[in-house]
Amino acid sequence: MPSSSGYFRTHYDQDLRFIDTRTQRYCLWLLLAWLAIYPFLATEMLLDLANQVLLASVGAIALMLLTGFAGQVSLGHAGLLAAGAFTAGILFKEFAAPVWVTLPASAAIGAVLGLLFGLPSLRLRGLYLAVSTLALHFIVAYLGGEYEAKRGFSSGIVIDPPVLFGWVLDSAQAWYFVLLAASAGTLLLAANLLRSKTGRAWRAIHDREAVAEALGVNVPAHKLLAFVISSSLTAMAGCLFAYFRGFVSVEAFTLFLSIQYVAMVIVGGMGSLLGALLGAAFVVLFPYGIEWAMAILPIPTRWSGMVFAVDYAAFGLVMIAFLLFEPQGLVGIWRRMQNYFLLWPFKQQLMRK
Amino acid sequence: MAEQDLAPIALTLDHLFLEFGGLSVLQNLSLTLRAGELLALIGPNGAGKTSVLNCICGIYRPSRGSIRFAEQQLVGRLPHHIAQLGIARTFQHGEMFQGMTVLENLLVGRHARIRTGVFGEALFSRAVRAQEILHRRRVEEILDFVELSAFRHRPMASLSFAQQKLAGFARALALEPKVLLLDEPSAGLNRDAREDLARFILRIKHETGIPMIWVEHDMQMVADLSDRLYVLNHGEYLTDGAPKEVLSDPKVIAAYLGGAKHEAA
Amino acid sequence: MQTLINILVLASIYALISCGYVLIYRVSRVLNLAHGEFMMLGAYGLLATASSFGAHPFAAVGVASVMALLVGVAIYFVLMRHMTGESVLAAVLCTIAVGILLRGLITLTWGAQQHYPMEQLGWVNSSISVFGDARISAASLGLIIATAVCYSGLFLFLRYTRWGIQMRAAGQNPLLAAQRGIRLNGIYALAWGLATFTGGIAGMLIACDSGLQTTIVTIGLKAFPATLVGGLDSLLGALVGSLIIGTAEVLLINYVDPLLSDVAPFFILLVMLIFRPWGLFGTREEIDRV
Amino acid sequence: QEAYVVGLTGALTGPVAGTYAPVIESMKAYIDQVNLRGGVNGKPIKLLIQDNQGEPSKAAADAKKFLSQDHVVMVINSSASSTYAPVIAETKRAHVPLFFAGAVCPKEVFPPAEELQFCSTSFAAQYDSQMALAFIKETAKEPVKLGLVAMAIPVSRGEIDYAEGLSKTLGMTPVEKQIVPPPTPDYTPFSTKLKEAGANWVYSWAPWVTEIKTVEGLRKLGWSGRYIAWAHIQAEEDLARVKDSDFYVVGANALFQDNLPVHSEIREVAKKANLTYPVQQLAEGWVSGMVLEQALRATAWPPTAEKVLASMSSLKVDTKGLRGGPIEWTKSNHFRTQQYYRVWHWDTTKQAVTRVKDWTSYVVK
Amino acid sequence: MSTPATLKDKAILEVDKLEVSYHRVVTAIQGVTLEVRRGQIVALLGNNGAGKTTTLRAISGFLGIDDARVSEGTVRFCGKDIANRFPHEVAGMGIVLVPERDKVFENLTVQENLEANSPRQSSTLSRMQEAVYAYFPLLARLRGRQAGYLSGGERQMLAIGAALMCGPELLLVDELSLGLAPIIVEELAERLRAIRDELGLSILLVEQNAHVALEIADYGYIIENGRIVMDGDRERLTGHQDIQEFYLGAGGSGRRNYRDVKQYRRSRRWYG
Ligand SMILES: Nc1ncnc2c1ncn2[C@@H]1O[C@H](COP(=O)(O)OP(=O)(O)OP(=O)(O)O)[C@@H](O)[C@H]1O
Ligand SMILES: Nc1ncnc2c1ncn2[C@@H]1O[C@H](COP(=O)(O)OP(=O)(O)OP(=O)(O)O)[C@@H](O)[C@H]1O
Ligand SMILES: [Mg+2]
Ligand SMILES: [Mg+2]
């Protein structure tokens with residue numbers, strides 16, 4: 001983004017950089033510094049929230065790749081998270097497998113499931129595809145439930161904190177750094193894919209499949225690739241979830257969770273990685289925000305016993321407001337703000353990707 | 001045109017039939033494209049011109065017949081494979097990727113020429129970066145050629161119809177094709193832009209010698225530029241030959257040109 | 001015989017719910033994920049009218065149905081109207097948000113306990129014997145009849161008016177439809193109204209048969225596969241799809257494992273869609289003509 | 001801090017709310033009433049309530065919030081069993097007692113009990129089925145062909161599997177076992193299966209929806225056998241609604257038609273606080289409230305989790321007739337030393353819900 | 001640019017100093033003023049990207065998408081201001097547009113495409129339908145085919161036909177001859193005046209082929225870079241030298257050959 005005036009690029013390499021200007025570099029360092037000291041400043045509660053956001057962001061980025069870029073709608077995201085979590089849980093319970101076994105195993109299982117459930121995408125489009133991915137969700141939930149029932153883990157599988165290089169991962173701070181690394185790694189990986197051939201092919205498929213194919217894009221392969229990459233990232237997120245929360249159970253992976261992830265992608269802003277991050281933060285933090293608002297706002301006494309239903313209704317309401325008034329999502333707001341500050345006092349600049 | 005006849009054959013369509021559930025679109029169509037030739041494919045609306053191009057690039061699968069290119073049978077191959085062999089095309093309705101910038105559209109057009117693997121891309125290795133820069137340079141040259149450089153970072157949706165058609169032409173060139181299929185590239189362009197287009201086509205022909213099949217309804221352009229005309233009517237061969245002869249053929253006039261208002265050459 | 005009746009009842013439930021999905025999909029290409037909630041709202045609406053006009057049960061049902069219709073129209077004008085032109089996914093998410101909102105509001109108003117609207121109306125859900133030893137409850141019979149009436153009404157309406165074509169046109173290219181002078185608002189509002197109306201009726205009858213609780217929403221979800229198997233934009237498809245899924249489910253419960261009845265519809269759906277990606281009677285939407 | 005702070009995570013909304021929300025509401029009303037009378041040891045009880053909708057991740061977040069932000073001395077769980085694992089994990093980490101109220105008692109509270117977990121819920125795996133099957137055996141004149149009904153959730157399935165095995169040792173023939181998935185629009189197919197299998201008795205231990213809808217489904221089909229189910233909090237109203245003398249419920253809480261003094265007390269409180277749920281559903285929560293009050297009363301100010309744990313580990317709560325006897329917790333038994341059951345049905349001649357079997361006790365070992 | 005005031009009273013459409021911007025930033029047209037009188041065929045000519053489509057979209061209310069809007073100026077139809085109105089309201093008043101892209105309902109058959117418009121009496125409907133099939137005999141053969149499978153030219157005919165079916169008072173056509181074979185263009189050109197008289201409509205059309213445009217139009221406007229640079233009746237436009245050169249391709253004596261033009265705009269670029 002050529003932001004400051006008088007700055008010109010002289011080499012194509014510069015177009016490929018993430019960080020271009022000195023201001024951007026300073027901002028990045030500032031951000032990194034803040035991220036590094038955050039866990040030492042935040043209360044335990046805030047730290048836990050940060051951890052939840054980081055964890056969700058991995059899944060959100062994965063879904064953004066699939067839905068926001070490759071255009072393949074999926075409602076089976078919770079199923080994939082469950083698959084990752086169950087892989088970890090089962091391997092842990094049955095073989096006492098350590099984390100460096102369960103994590104790659106989850107990724108592999110995710111990739112296989114992604115491949116399988118990507119297959120319908122070769123024939124199906126849009127909402128038909130979305131509903132067919134629901135099947136994935138139900139099947140994983142069914143299998144997980146059967147495992148729990150058969151092995152007698154009726155209230156979920158409890159797993160011990162993972163041990164990394166002889167270091168037990170059980171403090172929130174430690175988790176913060178692990179999850180931060182996971183989130184940053186996923187982000188970098190996704191951004192790299194998007195600025196190269198594969199990412200462009202996905203976006204082309206999103207726009208018009210037949211044309212992409214006539215231009216030399218192997219459409220089936222790229223679709224499946226999108227499913228495989230996204231699913232395997234998601235399953236890894238599921239595995240991390242299992243360790244982070246210390247338990248696995250089917251009920252943790254409801255359809256509502258899938259919907260929350262879709263909400264992250266849309267509320268954040270389709271077709272933008274930043275959007276995935278913002279969306280994840282928004283959807284995770286929102287209920288807490290409502291609760292906080294409820295605590296300080298006067299509410300009818302009739303409802304005070306039903307704070308929770310109010311919370312639920314408010315969530316719906318805010319989501320609707322969002323979709324109505326900011327269809328571009330949180331990135332839309334972000335860009336507008338950016339434009340405003342960059343161009344002030346001039347009018348806004350033509351928006352672009 | 002004698003030297004043309006001697007030129008080697010680039011692409012052959014042999015006894016091609018195309019059907020859609022009982023609806024016969026192409027019947028017994030045979031056509032040869034010679035190296036360096038600019039072949040104009042004309043015919044009334046719904047004659048099957050676009051369908052011929054679709055058959056060549058694998059979007060439609062002919063029910064019978066063969067299409068041979070560089071000693072390979074194209075019938076039965078997947079479109080992306082055919083594109084990789086070096087057959088590029090433009091589309092009648094533009095069909096640009098509206099959500100991407102002009103530059104990205106061209107880079108997608110170049111997809112088949114970029115050799116990078118997913119793992120390298122995920123890490124954006126040195127090799128991937130080098131490839132990206134290399135191909136970016138090529139694409140910029142093409143953008144320059146069609147005089148669209150100023151639009152490189154504009155989202156495709158913000159270009160007017162004619163600008164998009166030109167970008168589509170550039171996107172086809174980005175593949176560095178061995179055969180170029182043009183589907184009504186001039187539709188929606190005004191006289192000025194058509195002259196530019198004519199200039200581009202001629203330069204490509206002279207500088208690189210890529211053979212082209214060119215579907216067109218502008219008879220002036222066809223008459224001025226093409227080496228040979230091939231006329232389709234109702235999915236069947238009507239006639240072919242030098243522009244002058246074909247355009248004064250009564251059969252063609254009756255089926256396609258109508259009246260005598262056109263001024264050939 | 002009893003099995004047959006069971007299939008018929010289940011299929012009618014699905015069919016009555018499915019037609020709501022179909023109507024809205026036809027006009028806006030949007031899968032209304034709040035349909036379960038609309039169904040629930042219809043049922044709770046009946047509960048509300050039943051407690052105020054308990055003496056005139058038919059009036060209560062009538063008022064509740066009209067309310068259901070109006071809710072759909074209102075939702076369109078207040079919300080969905082602004083979603084035309086947005087991405088389909090955003091519109092779908094909007095329906096989800098509406099669903100969440102409704103669920104919250106309903107819990108606020110009525111709580112989570114079980115209600116029995118049939119009792120409040122003063123009706124008895126008697127069991128009627130048909131064909132010898134097979135039996136059916138009055139409410140289920142009502143459901144089958146309602147399904148038949150709704151479907152024939154809709155078929156006639158779409159057949160003898162041009163609304164059917166206009167609905168499809170509006171769904172495909174709303175801008176062009178507007179340019180052709182099709183009154184988008186009218187069509188959309190009508191579709192939403194009819195969808196919530198039929199959904200509401202379904203909710204009311206289900207609630208009459210087996211009581212009312214917030215869990216009734218999940219039934220909306222179960223009607224998905226039925227709608228998709230038939231094709232999202234075809235009423236006939238919804239009918240046939242419901243029959244297929246209903247049959248499969250009842251037979252699985254009867255002869256295999258009831259637990260599979262949750263997963264199997266989606267399996268059938270997958271297999272079906274592999275062969276006909278746009279459903280049995282749906283129209284193919286993506287036309288890859290270049 | 002000037003109060004005994006206790007955190008409750010429960011299903012106030014969501015698919016399982018019907019079972020838990022009344023318990024929570026009643027417990028809250030009880031504690032409010034205790035606070036009105038001056039609290040315990042001169043300090044009020046602050047009951048923080050979080051809705052988890054029966055979802056484990058929400059429960060985990062709730063528990064985390066209670067323990068890290070509110071520094072509660074006890075965590076209460078009133079929700080579906082899927083929420084247990086995360087809450088147990090969190091409370092263990094913080095070493096704070098965890099009290100299951102109105103929710104299925106996990107096996108850790110039975111002897112030998114885990115240190116931190118306690119349960120006051122009326123129903124209990126295995127003992128319930130023992131009682132129900134014993135009742136069938138005692139009542140049935142003819143050979144019993146038993147149908148079994150569970151919901152497709154692990155607890156319910158586990159119990160029904162246990163009952164199936166038990167029934168065989170008691171000389172009954174289990175003819176059919178139906179496991180109903182939770183979102184089921186129509187129960188008739190499941191009922192049809194039971195009827196066609198020729199069951200003359202059906203036993204169900206599942207959430208109330210499944211229990212009641214199956215029996216209604218069976219009756220709609222003209223089935224004439226007898227049905228026994230666990231008496232969840234909705235039982236009293238529904239017995240009176242269904243009016244079926246062959247439909248028995250087995251339970252551990254006294255019903256409101258007994259009209260004990262404590263029942264009028266509950267009625268009064270419910271009326272004053274304008275509670276949403278019918279008064280018949282409030283007994284379970286009331287008992288939980290009593291237990292909570294007792295446990296805190298036995299904890300001297302200032303409270304710590306350790307102290308609360310100590311007082312919980314030897315506690316005897318007089319239930320004022322709501323249960324067949326006191327709830328007694330010991331070092332090794334965090335369930336109760338004696339479990340008491342009653343069986344009811346609708347008596348057509350008296351036109352009232354009637355006891356068919358008075359308190360029968362089982363020693364919990 | 002200046003239209004004689006005397007003609008104003010008979011104008012059905014008056015566009016005055018219209019300015020349209022995309023995304024509130026890119027100004028696509030600026031100060032476009034034009035008018036269409038009742039029963040007139042008006043052609044809008046211009047170079048590519050000049051803003052012809054934008055003008056038509058602004059008139060027909062097609063703007064909402066792309067975050068475009070009329071930022072200044074007025075559009076009056078029969079005296080009523082219709083700028084920034086909803087498309088169906090504009091259509092309801094009798095303005096119908098044949099857009100340059102996405103002009104048919106792809107999943108409907110040809111017949112259904114013709115039927116899919118505002119409700120009208122079925123007798124007029126079938127009469128109109130027959131008329132359209134008479135104008136475009138090719139469509140009659142394709143009645144039952146899904147419009148998405150039509151060829152480019154067939155679509156164009158269908159779009160024009162369907163627009164006529166709406167019974168417009170003012171027909172806006174973006175790129176009239178787009179993708180049509182010469183024989184069809186010729187017939188259409190001949191028939192358009194007859195259709196105009198028969199149905200009593202006024203037509204504002206955008207056309208790249210200036211020969212055709214000037215043949216059928218009564219009046220024409222030239223738009224370049226978002227501004228109207230010239231207007232006049234047929235004789236005035238045909239006679240103008242710039243138009244001859246840039247729009248009709250006349251050079252020296254007679255028509256300029258496409259082969260000859262190639263070097264007059266020299267290019268320094270290299271293709272590789
Ligand atoms: N996929 C398809 N399914 C059904 N019919 C088709 C299909 N593709 C083309 N057709 C039909 O085949 C005929 C030829 O179409 P084609 O697009 O090749 O015509 P064309 O010569 O390009 O015409 P135009 O000059 O109008 O573009 C048309 O009548 C069209 O309706
Ligand atoms: N969606 C858009 N966003 C931003 N700019 C746009 C958009 N659409 C068009 N423009 C710009 O507005 C100008 C006018 O475009 P318009 O489509 O009206 O041209 P036109 O005269 O119809 O051209 P053509 O002959 O190519 O169809 C062009 O320069 C174009 O780049
Ligand atoms: Mg064509
Ligand atoms: Mg245009």
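Residues numbered from 1 in each chain as written. Chains lettered and ligands numbered in written order. Predicted model: local features only at pLDDT ≥ 70, side-chain atom pairs only at ≥ 80, totals over all residues. Heavy atoms only, no water.

Here we take up the pairing of strand β3 (residues 41-46) of chain E. Residue and element names in this part refer to chain E. Within β3, six of the six residues are buried, which leaves it mostly tucked inside the rest of the structure. By the bridge criterion, four bridges tie β3 to strand β8 (residues 202-206) in an arrangement that is parallel. In the sheet register, Leu44 faces β8, and the bridge partner there is Val206. As defined by bridge partners, β3 adjoins strand β9 (residues 219-224) across five bridges and the pair is classed as parallel. Bridging from a neighbouring strand, Ala43 pairs with Gly220 of β9. (Buried < 20%, exposed > 50% of the residue type's maximum accessible area, 1.4 Å probe, protein only. Helix = DSSP H or I, 4+ residues; strand = E, 2+ residues; numbered from the N terminus. Pairing = 2+ DSSP bridges.)

All names here are of chain D. Where strand β6 (residues 145-151) meets strand β7 (residues 173-180), seven bridges bridge the pair, whose relative direction is parallel. Residue Ala150 lies in a different strand from β7, and its bridge partner there is Ile179. You can see the chain leave β6, run along helix α5 (residues 154-169) and come back into β7, and the turn it takes is right-handed. (Right-handed = clockwise from strand over helix to strand, strands pointing away.)

A separate point is the coordination of the magnesium ion (ligand 4). All names here are of chain E. Summarising the metal site, the magnesium ion (ligand 4) is bound by the protein donors Thr53 (OG1) and Glu100 (OE), whose distances to it range over 1.9 to 2.6 Å. A residue pair is termed long-range when its members are at least 10 positions apart, and Thr53 in helix α1 (residues 52-60) and Glu100 in the loop between β6 (95-98) and α3 (110-115) qualify at 47 residues. For Thr53, a relative accessible area of 19% translates into the label buried. Judged by relative accessible area, which is 9%, Glu100 ranks as buried. (Donors = N, O, S within 2.8 Å, 3.2 Å for Na, K, Ca; no water.)

Residue and element names in this part refer to chain B. All of the protein donors around the magnesium ion (ligand 3) are Thr50 (OG1) and Gln92 (OE1); their distances to the metal are 1.9 to 2.3 Å. Here Thr50, found in helix α2 (residues 49-56), pairs with Gln92, found in the loop between β6 (87-89) and α4 (102-109); they are 42 residues apart in sequence, far enough to count as distant. For the residue pair Thr50 and Gln92, the accessibility class agrees, reading buried in each case.

The next subject is the nonpolar core. Grouped together as the largest cluster of nonpolar side chains are 204 residues, with contacts concentrated most on Phe253 of chain A together with Met80 and Leu93 of chain C. At 16 residues, helix α1 (residues 2-28) of chain C tops the list of elements feeding residues into this core. The residues that make up this core include at least three from each of domain 1 (21-252) and domain 2 (254-353) of chain A. Sequence-distant contacts of Leu93 of chain C, that is, excluding residues within four places in its chain, are made with Ile259, Val262, Ala263, Ile266, Val267, Met319 and Leu323 of chain A. Core analysis: the second largest hydrophobic core is formed by 111 residues, Leu182 of chain B together with Leu45, Leu158 and Leu237 of chain E among them. (Core = buried A, V, L, I, M, F, W, Y, C linked by side-chain atoms within 4.5 Å. Domains from an automatic or database assignment. Contact = heavy atoms within 4.5 Å.)

Time to look at the site of ligand 2. In the vicinity of ligand 2 lie 22 residues, with Ser158 and Ser160 of chain B together with Lys52, Thr53 and Thr54 of chain E positioned nearest. The residues that come close to ligand 2 belong to more than one chain, namely chains B and E. Ser158 of chain B is positioned such that a nitrogen or oxygen atom in its backbone is 2.7 Å from an oxygen atom of ligand 2. Here an oxygen atom of ligand 2 sits 2.9 Å away from a polar atom, N or O, in the main chain of Gly49 of chain E. When the free accessible area of ligand 2 is taken as 630 Å², the share hidden by the protein chains comes to 94%. Only α7 (161-174) of chain B together with α1 of chain E provide two or more residues apiece to the shell around ligand 2. Partitioned by chemical class, the residues of the shell around ligand 2 number seven nonpolar, ten polar and five charged. (Near = heavy atom within 4 Å. Polar contact = N/O pair within 3.5 Å; in protein donor to acceptor, adjacent residues only side chain to side chain. Areas by Shrake-Rupley, 256 points an atom, 1.4 Å probe, with all protein chains shown as cover. Nonpolar A, V, L, I, M, F, W, Y, C, P; charged D, E, K, R; others polar.)

Moving on, we get to the sheet that holds strand β2 (residues 45-51) of chain D. Residues and elements named next belong to chain D. One open sheet accounts for five strands, arranged β2-β1-β3-β4-β5; its pairing is parallel. Here the strands that pair on one side only, and so sit at the sheet edges, are β2 and β5 (117-119). The sheet shows a mean angle of 25 degrees between the axes of neighbouring strands, direction not considered. In this sheet, β2 lies alongside strand β1 (residues 4-10) in parallel orientation, the contact comprising seven bridges. Following the sheet pairing, Val5 is matched in β2 by Lys46. (Axes fitted to C-alpha atoms, helices over the stretch in contact; angles between N-to-C directions.)

Let's shift gears to the interface of chain D and chain A. With 26 residues of chain D in contact, the opposing surface of chain A contributes 26 residues. Approximately 2,400 Å² of surface area, both sides summed, lies buried where chain D meets chain A, with 60% of it carried by carbon and sulfur atoms. Looking at the side of chain D facing chain A, the largest losses of area belong to Lys64, Pro154 and Arg157 of chain D, adding up to 19% of the total buried there. Taken together, chain D and chain A are joined by two salt bridges. With a closest N to O distance of 2.9 Å, Glu146 of chain A and Arg157 of chain D form a salt bridge. Counting every contact that joins chain D to chain A gives one residue pair in polar contact (both at pLDDT 80 or more). Mapped by element, the contributors of at least two residues to the side of chain D that touches chain A are β2, α2 (56-70), α3 (84-94) and α5 of chain D. (Buried area = accessible area lost by both parts, 1.4 Å probe. Salt bridge = Lys/Arg side-chain N within 4 Å of Asp/Glu carboxyl O.)

Residues and elements named next belong to chain A. Where nonpolar side chains cluster on the molecular surface, the patch consists of Phe18, Ile19, Leu28, Trp29, Leu31, Leu32, Trp34, Ile37, Phe40, Leu41, Phe177 and Leu188 and spans about 1,200 Å² of accessible area. The set of elements that each furnish at least two residues to the nonpolar patch consists of α2 (22-41) and α7 (172-194). Among the elements that make up the nonpolar patch, the one with the highest residue count is α2 (eight residues). In this structure, Leu31 sits in helix α2. With relative accessibility at 45%, the residue Leu31 sits in the partly exposed group. (Patch = residues over 30% accessible without salt bridge, like charges linked within 9 Å, V, L, I, M, F, W, Y side chains within 5 Å.)

Further remarks concern the site of ligand 1. Near ligand 1 lie 22 residues; those nearest to it are Thr50 and Ser51 of chain B, Arg289 of chain C together with Arg145 and Ser151 of chain E. Each of chains B, C and E places residues next to ligand 1. Separating an oxygen atom of ligand 1 from a backbone N or O atom of Gly152 of chain E is a distance of 3.3 Å. The protein chains hide 95% of the 630 Å² of surface that ligand 1 would expose on its own. Those elements that provide at least two residues to the shell around ligand 1 are β2 (23-34) and α2 of chain B together with α6 (152-165) of chain E. When grouped by side-chain class, the residues that make up the shell around ligand 1 number seven nonpolar, ten polar and five charged.

Okay, the interface of chain B and chain E next. Across the boundary between the two partners, chain B contributes 59 residues, which contact 46 residues of chain E. For the pair chain B and chain E, the summed buried surface comes to about 4,500 Å²; carbon and sulfur atoms form 49% of the total. Remark: the boundary between chain B and chain E carries 16 residue pairs in polar contact (both at pLDDT 80 or more). For the side of chain B that touches chain E, the elements supplying multiple residues, two or more each, are α6 (126-145), α7, α8 (191-208), α9 (219-225) and α11 (250-257) of chain B. Among the elements that take part in the side of chain B that touches chain E, α8 of chain B stands out by supplying 13 residues, more than any other. Of the residues assigned to the side of chain B that touches chain E, the class counts are 23 nonpolar, 18 polar and 18 charged.

This paragraph deals with the pattern of salt bridges. Inspection of the entire model under this criterion finds 55 salt bridges over all chains. A salt bridge links Asp48 of chain A to Arg245 of chain A, with the shortest nitrogen-to-oxygen separation between them at 3.6 Å. On the criterion of sequence distance, the pair formed by Asp48 of chain A in helix α3 (residues 44-69) and Arg245 of chain A in helix α10 (residues 219-245) is long-range, its members being 197 residues apart. The class of Asp48 of chain A is buried, set by a relative accessible area of 2%. One salt bridge in this structure joins Arg228 of chain B and Glu37 of chain B, with 2.6 Å as the shortest N-O distance. Of this pair, Arg228 of chain B sits in strand β9 (residues 228-233) while Glu37 of chain B sits in the loop between β2 and β3 (38-42), and the two are 191 residues apart along the sequence. A single burial state applies to Arg228 of chain B and to Glu37 of chain B, both of which are buried. Three or more residues joined by partner-sharing salt bridges are found here, namely Asp48 and Arg245 of chain A together with Lys64 and Glu90 of chain D.

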